[in-house]
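Spelled out from the first residue to the last, the chains are:
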Amino acid sequence: SWLAQEILYREALEEHLSGKPEIRKLLDEVARGVLSRQLMNQQLASKINITETDLETYYAANKVEFIEPAKARIGHILVAEEQQARDLVKRLKDGADFAELAKEHSADEATKSSGGRIDVDVTKGSHVPVIGDANGLNDSIFAAEAPAVLDEPVKTEKGWEIVRVDTKQAERQKNFDEVRQHVMMMLTDQKRQDVQQAYIKQMMDKYNVVIHTSALTP
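Attention in this report is confined to the structure presented alongside it. Within every chain, residues take consecutive numbers counted from 1 along the sequence as written. pLDDT decides what is reported in this predicted model: residues at 70 or higher carry local features, side-chain atom pairs at 80 or more are listed and counted, and totals for whole chains, interfaces and linings draw on all residues regardless. The side-chain quantities take in all heavy atoms of the structure and omit both hydrogens and water.

### Some words on the packing of helix α2 (residues 21-47) against helix α8 (residues 176-206)
To define axes, lines are fitted to C-alpha atoms, for helices over the stretch in contact only, and angles between the resulting N-to-C directions are given on a 0 to 180 degree scale. In this description a helix means any DSSP run of H or I spanning at least four residues, a strand means any run of E spanning at least two, and both kinds are numbered starting from the N terminus. Interaxial distance between α2 and α8 falls to 10 Å at its minimum, and their mutual angle equals 125 degrees. As judged from the angle between their axes, α2 and α8 are oblique. For the pair α2 and α8, the crossing hand works out as right-handed. For the pair formed by α2 and α8, the contact residues are L39, M40, Q43, L44 and K47 on the first element and R192, V195, Q196, Y199 and I200 on the second. Of the residues assigned to the contact of α2 with α8, the class counts are six nonpolar, two polar and two charged. Roughly parallel means an angle under 35 degrees; roughly antiparallel, over 145; roughly perpendicular, 65 to 115; everything else is oblique. The sense of a crossing depends on the near helix, which, turned anticlockwise from the far helix by less than a right angle, makes the crossing left-handed and, turned clockwise, makes it right-handed. Throughout, a residue-residue contact means that at least one pair of heavy atoms, one from each residue, lies within 4.5 Å. Throughout, the ten residues Ala, Val, Leu, Ile, Met, Phe, Trp, Tyr, Cys and Pro are labelled nonpolar, Asp, Glu, Lys and Arg are labelled charged, and all others, Gly among them, are labelled polar.

### Brief notes about the environment of L3
Summarising the element assignment, L3 is placed in helix α1 (residues 2-14). Buried means the residue's accessible area, taken with a 1.4 Å probe over protein chains only, is under 20% of the maximum for its type, while exposed means over 50%, and partly exposed covers the values in between. Judged by relative accessible area, L3 falls into the exposed class, the value being 60%. Residues L3 and K191 lie 188 residues apart in sequence; the distance between their C-alpha atoms is 41 Å.

### Let's talk about the pairing of strand β2 (residues 71-79)
Across the nine residues that make up β2, a large majority, seven, are buried. Two strands qualify as a pair provided DSSP detects at least 2 bridges between them. Note that β2 and strand β3 (residues 122-123) share two bridges and pair antiparallel. Residue A72 lies in a different strand from β3, and its bridge partner there is V122. Pairing between β2 and strand β6 (residues 160-169): nine bridges, direction antiparallel. In the sheet register, I77 faces β6, and the bridge partner there is I162.

### Notes on the packing of helix α4 (residues 82-93) against helix α5 (residues 98-105)
Relative orientation of the contacting elements α4 and α5 amounts to 155 degrees, with a least axis distance of 10 Å. Overall, the two elements α4 and α5 adopt an arrangement that is roughly antiparallel. The hand of the α4/α5 crossing is right-handed. Of α5, the residues touching α4 (which contributes Q84, L88, R91 and L92) are F98, L101 and H105. When grouped by side-chain class, the residues that make up the contact of α4 with α5 number four nonpolar, two polar and one charged.

### Considering the nonpolar core
Core analysis: the biggest nonpolar cluster contains 15 residues, and I74, L137 and I141 have the highest contact counts within it. Within the residue set of this core, elements represented by two or more residues are β2, α7 (137-143) and β6. Top element by residues in this core is α7. It accounts for three residues. Excluding residues within four positions of it along the chain, L137 makes contact with V128, I131, G132, L150, V154 and V163. What is meant by a nonpolar core is a set of buried Ala, Val, Leu, Ile, Met, Phe, Trp, Tyr and Cys residues, joined one to another through side-chain atoms within 4.5 Å.

### Focus: a nonpolar patch on the surface
Candidate patch residues must exceed 30% relative accessible area and have no salt bridge, after which like charges are joined if within 9 Å and Val, Leu, Ile, Met, Phe, Trp or Tyr side chains if within 5 Å. We get accessible surface area from the Shrake-Rupley algorithm with a probe of 1.4 Å; when it comes to residues, only the shown protein chains can shield them. When a carboxyl oxygen of Asp or Glu is within 4 Å of a side-chain nitrogen of Lys or Arg, the pair counts as a salt bridge. Together, I200, M204, Y207, V209, I211 and L216 line one region of the surface with nonpolar side chains, adding up to about 640 Å² of accessible area. Relative to the helices and strands, M204 is located in helix α8. By relative accessible area, which is 34% here, M204 ends up partly exposed.

### Section: the side chain of E68
With respect to the secondary-structure elements, E68 resides in strand β1 (residues 67-68). Judged by relative accessible area, E68 falls into the buried class, the value being 14%. Definition of a polar contact: a pair of N or O atoms within 3.5 Å, with one able to donate and the other able to accept a hydrogen when the atoms are protein atoms, and with sequence-neighbouring residues admitted only if both atoms are side-chain atoms. A distance of 2.7 Å separates polar atoms of two side chains, one belonging to E68 and the other to Q169. Setting aside residues no more than four positions away along its own chain, E68 makes contact with Q169, E171, R172 and K174.

And the structure:
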């Protein structure tokens, strides 16, 4: 690849392609992009210096950004008829094995072989994986004690859902060590934007840039 580029470059010089107006224009556009990016990168490198104290201060001021919402793991049995769903809920309340009933009755081929288990967290206030949040299902999941089968089956577009809440995890504040890398990324992005905006403003003032907004109207 390098050899091919080299011999093509030499041949282009032999044919004086760089002297053609359309090629000069293209080279000028490439040079503008390279030089402007290099200048901005120099500014960023010289003005962004993030210390451990900066990270800790940013974390303390934005702790709400690093709260892990409440989560739950659930299982489900999907059936076509309401009465069948209610009968299965009664059997479960009487001590029947949820996994066995799921394997025997569930219409969801993706989960029935695993006893109805859904291997994705349900996050409080969001969509319920596989099922959806029909009829306030998310609220019902987080109102229940775990482990427990919800008292009422839920009607969805697919049919009737019997849901068991297996585990729940309360909302928690992530500590600094857990999110240090994320904090570094967020603070770096913020400082990069600040430096870019300030430097562009400085250069606009230096070159007396005036934007004629009237030229932009229809």
